[in-house]
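Coordinate analysis (summary)
Chain residues, written in single-letter form:
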Amino acid sequence: YVVVGKNGKVRKTLDIPLPGMTMLHDMSITEKYVVIYDQPVTVNLDEALTGKSFPMKWNPDYGNRVGFLPREGSTSDITWVDAPMGYCFHPMNAYDCENGDVIIDLCIYDSMFNQDRQGPFGDGLARLDRWTISVTNRSLNAVNIDPRSNEFPRHSGSFTGKPYRYGYCASPNPIDLTAGWPTIKYDLETGGNQTFDHGPGRAAGEPVFVRKKNRVEEDAGWLMTYVHDLAKGKAEFVVMDAEDLDRGYVASVTIPQRIPFGFHGNWIKD
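Before going into details, it helps to say that this report is about the structure given with it. All values derive from a computational prediction rather than experimental measurement. Residue numbers restart at each chain and count upward from 1, following the sequence in its written direction. The predicted origin of the model limits local features to residues at a pLDDT of at least 70 and limits the giving and counting of side-chain atom pairs to 80 or more, whereas totals for whole chains, interfaces and linings rest on all residues. Where side-chain values are given, they derive from all heavy atoms of the structure, hydrogens and water being excluded.

Once that is clear, we can look at the overall build of the chain. Put simply, DSSP H or I for four residues or longer makes a helix, DSSP E for two residues or longer makes a strand, and each gets a number counted from the N terminus. Along the chain, the regular secondary structure elements total one helix and 21 strands. Its C-alpha atoms give the chain a radius of gyration of 19 Å, near enough to 18 Å, the size a compact globule of 270 residues would have. When the backbone C-alpha atoms are referred to their principal axes, the chain occupies close to 50 × 50 × 40 Å. Accessibility here uses a 1.4 Å probe with only protein chains present; expressed as a share of the type maximum, an area under 20% marks a residue as buried, one over 50% as exposed, and anything in between as partly exposed. Per-residue burial for the chain yields a buried fraction of 48% across its 270 residues. Should any heavy atoms of two residues lie within 4.5 Å, those residues are counted as being in contact. Taking the contacts inside the chain whose residues are at least 6 apart along the sequence as the reference set, 48% of them involve residues at least 24 apart. The averaged location of the 35 negative side-chain charges in the chain is 6 Å from the averaged location of its 28 positive side-chain charges. Two things to know: the radius of gyration comes from C-alpha atoms, and the globule rule equals 2.2 Å times the number of residues to the power 0.38. His residues and chain termini do not enter the charge count, which takes Lys and Arg as positive and Asp and Glu as negative. Working definition for charges: the position is that of NZ of Lys, CZ of Arg, CG of Asp or CD of Glu.

In structure tokens:
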């Protein structure tokens, strides 16, 4: 766990002890905690030596748990809570509740690198779930938000680690690429959602949120993503209005080369 100060220099590092070499892909943060995902995909040296697949393998005997480290705490302060069996590459967001619970919204797979160790979609697709966790009681309640395939979840960056209302995902369909991968906007307060269909054979990646100038409302922003057009063999950089997806593309720029599925990142002003 590494903390970088406002001056751009590292002010704290903390080695977190784990029982094995877990594939720890991402993390979450709240006002109180750093959230650590210790999951049942671990480095497998036999697989690594073959050079034919990812060097990780599904390991259900390892267990699945979530650690809550106070942001200025030490390793002895971590509270571990058992989680349902599964694997998460990308959480959407997490935040503290007034009663002390922690909410985590995340894209969760039932298994990963189990039968298929060539890529992330061979054993199944992720769904969007909400975990309500009592750190005090070390208990977890999981509720499904959407059973459809969901990946690359994002939210408005100014709401990271805070209560929020809107989230945005890609909906992969690796079985039938001609069907396209839509973008989904979630209203986590009402339970509603809206799907933006990019068209047949057009697969959208991670939707990155950029706030509109001089606006403070949570969804007052632009959604930017790459869309790969299967028929044309080309990619586009597209911009949508997060407040009004029915507007269609606000802007679209053809990219002169293919952008790999799953390519994702952040927007930083120059």
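After presenting the structure, the write-up continues.
Quick look at the sheet that holds strand β4 (residues 33-38) now. Spatially, four strands are ordered β3-β4-β7-β8 in an open sheet, and the strand pairing comes out antiparallel. The outermost strands of the open sheet, each flanked by one partner alone, are β3 (28-29) and β8 (79-82). When DSSP locates at least two bridges between a pair of strands, those strands are taken to pair. With six bridges connecting them, β4 and strand β7 (residues 65-70) associate as antiparallel partners. Across the sheet, the residue bridging to Tyr37 is Val66, located in β7.

Next up on the list: the pattern of salt bridges. Salt bridges are counted wherever a side-chain nitrogen of Lys or Arg sits within 4 Å of a carboxyl oxygen of Asp or Glu. Applying the stated criterion to the full structure yields 17 salt bridges. Close ionic contact of Arg11 with Glu72 constitutes a salt bridge, the shortest N to O distance being 2.7 Å. Taken together, the positions of Arg11 in strand β2 (residues 10-13) and Glu72 in the loop between β7 and β8 put the pair 61 residues apart, joining distant regions of the chain. In this structure, the salt-bridge partner of Asp187 is Arg165, at a minimum N-O distance of 2.8 Å. Of this pair, Asp187 sits in strand β15 (residues 183-187) while Arg165 sits in the loop between β13 (151-154) and β14 (166-170), and the two are 22 residues apart along the sequence. We classify Arg165 as partly exposed; its relative accessible area is 26%. Beyond isolated ion pairs, a larger network of salt bridges with shared partners links Lys212, Arg215, Glu217, Asp241, Glu243 and Arg247.

A word on the sheet that holds β13. Read from one edge to the other, the open sheet built from four strands follows the order β13-β14-β15-β16, with strand pairing classed as antiparallel. With one partner strand each, in any of the chains shown, β13 and β16 (193-196) form the two edges of the open sheet. Taken pair by pair, the neighbouring strands of this sheet meet at an average axis angle of 20°, ignoring direction. Of the pairings in the sheet, the one linking β13 to β14 comprises two bridges and is antiparallel in character. Looking across to β14, one finds that Arg154 is bridged to Tyr168. Simply put, an axis is a line fit to the C-alpha atoms, just over the touching stretch for a helix, and the angle between two N-to-C directions goes from 0 to 180 degrees.

Moving on, we come to unusual backbone geometry. One non-glycine residue with positive phi stands out, namely Phe113, at about 55°. Along the chain, Phe113 falls in the loop between β10 (102-108) and β11 (127-134). Judged by its relative accessible area of 3%, Phe113 falls in the buried class. Phi at Arg138 takes a positive value of approximately 55°, unusual for a residue other than glycine.

With that out of the way, let us pick up the packing of aromatic side chains. Aromatic ring pairs are defined here through the distance separating the ring centres and the angle between the ring planes. Here a Phe, Tyr or Trp ring, Trp counted by its six-membered ring, pairs with any other such ring whose centre lies within 6.5 Å, and the pair is stacked when the planes are under 30 degrees apart, edge-to-face when over 60, and tilted otherwise. The final tally for this structure, using the stated rule, is nine aromatic pairs. Between Tyr95 and Tyr164 the ring centres are 6.0 Å apart and the planes differ by 85°, which places this aromatic pair in the edge-to-face class. Pair noted here: Tyr95 is in strand β9 (residues 91-96) and Tyr164 is in the loop between β13 and β14, with a separation of 69 residues, a long-range link. Relative accessible area serves as the criterion here: at 8%, Tyr164 is assigned to the buried category. Clustering of aromatic rings is evident, with ring pairs tying together Tyr87, Phe89 and Tyr109.

Pairing of strand β1 (residues 2-4) with β2 involves three bridges; the strand directions are antiparallel. Bridge pairing in β2 links Val4 to Val10. Here β1 hands over to β2 after five residues, with Gly8 in that stretch at a positive phi of 85°.

Take the side chain of Asn64 next. One can find Asn64 in the loop between β6 (56-58) and β7. Whenever two N or O atoms come within 3.5 Å, that pair is a polar contact, provided that in protein one can donate a hydrogen and the other can accept it, and provided that, for residues adjacent in sequence, both atoms are side-chain atoms. Engagement of the side chain of Asn64 in a polar contact is seen with the backbone oxygen of Pro84, the distance being 2.7 Å. Within the structure, Asn64 has its side chain in polar contact with the backbone oxygen of Gly86 (distance 3.4 Å).

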